Amino acid sequence: MERKLVFFDIDGTIVDNETHIIPESTKEAIRRMKEKGHIAAVNTGRTWVTIDESIKELGFDAYICGCGTYLLYRGEWLFQNRLSRELCKETVERFRDWKIPAFFEGYECIYFDTNAGFTDERVMKIYRSMGSVAKEIPCDLEEANLNFDKFCLYFSEESQKEEALCWLEEHFFCIKREHGMMEIVPKGYSKATGMEYLRKYLGILPENCYAIGDSTNDLTMLRAVPNSIAMGEAPRQVKEVCRYQTKKVMEDGISFILNQCGLI
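Residues numbered from 1 in each chain as written. Predicted model: local features only at pLDDT ≥ 70, side-chain atom pairs only at ≥ 80, totals over all residues. Heavy atoms only, no water.

## With respect to a negative patch on the surface
On the surface, Glu18, Glu233, Glu251 and Asp252 cluster together into a patch of negative charge. Looking at the secondary structure, you find Glu233 in the loop between strand 13 (227-230) and helix 8 (236-239). (Patch = residues over 30% accessible without salt bridge, like charges linked within 9 Å, V, L, I, M, F, W, Y side chains within 5 Å. Areas by Shrake-Rupley, 256 points an atom, 1.4 Å probe, with all protein chains shown as cover. Salt bridge = Lys/Arg side-chain N within 4 Å of Asp/Glu carboxyl O. Lys, Arg positive; Asp, Glu negative; His and termini not counted. Charge placed at Lys NZ, Arg CZ, Asp CG, Glu CD. Helix = DSSP H or I, 4+ residues; strand = E, 2+ residues; numbered from the N terminus.)

## Some points on the packing of helix 1 (residues 24-35) against helix 9 (residues 253-260)
One way to put it is that helix 1 packs onto helix 9 with a least axis distance of 7 Å and a crossing angle of 30 degrees. As far as their axial angle goes, helix 9 and helix 1 are roughly parallel. Contacts between helix 1 and helix 9 involve Ser25, Thr26, Ala29 and Met33 from the former and Ile254, Ser255 and Leu258 from the latter. (Axes fitted to C-alpha atoms, helices over the stretch in contact; angles between N-to-C directions. Parallel < 35°, antiparallel > 145°, perpendicular 65-115°, else oblique. Contact = heavy atoms within 4.5 Å.)

## Here's the deal with the sheet that holds strand 6 (residues 102-105)
Strand order in the open sheet made by the six strands is 8-7-6-9-11-10, with mixed pairing throughout. Each having just a single partner strand, strand 8 (134-136) and strand 10 (172-176) make up the two edges of the open sheet. Shown here is a sheet whose adjacent strand axes are inclined to one another by a mean of 25 degrees, direction ignored. This element, helix 3 (residues 85-98), spans strand 6, strand 9 (150-154) and strand 10 of the sheet and lies at about 170 degrees to strand 6. Sheet strands in contact with helix 4 (residues 121-130) are strand 6, strand 7 (110-112), strand 8, strand 9 and strand 11 (181-186), and its direction is about 135 degrees off that of strand 7. (Pairing = 2+ DSSP bridges.)

## Notes on the sheet that holds strand 14 (residues 244-245)
Strand order in the open sheet made by the eight strands is 5-4-3-2-1-12-13-14, with mixed pairing throughout. Sheet topology places strand 5 (76-80) and strand 14 at the edges, where each strand pairs with a single neighbour. Pairing geometry for strand 13 and strand 14, over two bridges, is parallel. When the sheet's bridge partners are listed, Ile229 is paired in strand 14 with Tyr244. Strands in contact with helix 1 are strand 1 (5-8) and strand 2 (39-43); relative to strand 2, the strand with the most contacts, it is inclined by about 135 degrees.

## Digging into helix 4
Listed in full, the buried residues belonging to helix 4 are Val123, Ile126 and Tyr127. Down the axis, helix 4 shows its buried residues gathered within 105 degrees of arc, on one side only. Exposed and oriented more than 90 degrees from the buried face of helix 4 are Lys125, Arg128 and Ser129. On its buried side, helix 4 packs onto strand 6, strand 7, strand 8, strand 9 and strand 11. Once helix 4 ends, the next one or two residues include Gly131, with phi positive near 60 degrees. (Buried < 20%, exposed > 50% of the residue type's maximum accessible area, 1.4 Å probe, protein only. Arc of directions from axis to C-beta.)

## What about the nonpolar core?
The biggest cluster of nonpolar side chains holds 31 residues, and the ones touching the most others in it are Phe8, Ile14, Phe60, Ile212 and Leu258. Listing elements by their share of this core, those giving two or more residues are strand 1, helix 1, strand 2, strand 3 (62-65), strand 4 (70-73), strand 12 (209-213) and helix 9. When sequence neighbours within four positions are dropped, the list of residues in contact with Leu258 reads Val6, Phe8, Ala29, Met33, Ile212, Leu263 and Ile264. In terms of nonpolar packing, the next biggest core, distinct from the first, is built from 27 residues, Ala102, Phe104, Ile137 and Leu153 among them. (Core = buried A, V, L, I, M, F, W, Y, C linked by side-chain atoms within 4.5 Å.)

Here it is in structure tokens:
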């Protein structure tokens, strides 16, 4: 049997969005898939610092993090793309001027700008959930030593949206997410570019690649392989680009589709 390469999103795919539970059937399916010699890879918008131990314990062979900005394969970093400190500083400065609520995701921490002079409950809710991973940006950015790889934002009524979008689209790849969020990654990087790098590195043909996701930030990933799978909770625009559809996370969706595809 030819080995297959399967890419899994985390939130809404491996982990249930509402309960934050990884079903036992998912754990068992990934274990059985690997026993058959197939390769299991996480492909997530999360940066490394926010990938929980409960996910790492599942024994994935590879982690594509930060929407394709860095790739870990069996303990070795194959590549890491970092925004320059100058661009990090400029981004935060502009967001303060434009009144844009955001959080900035790095390898070691998630930055929150509580000194920006305005607050947003959507961002503050995420801040409160991050615990020790959250780091506040000081008022004086010269002291900040910022080092992040990507970021997410919301526009408020106060935000200078048009000016911000013009600048962002010049420097970054912008992904419209659910609930008014935008996910921003460096140009030239996406979940699809990380997949292609790993596929070529392992010498696996495209027809032996599978991708499973549920969100709009999975669209590049799902369009990149012939065997694309939408989770049961996925919105219409995600399901429309997929070859297959499975059940919801808590309805054993991962186990069901891996079995249907002959991977377990």
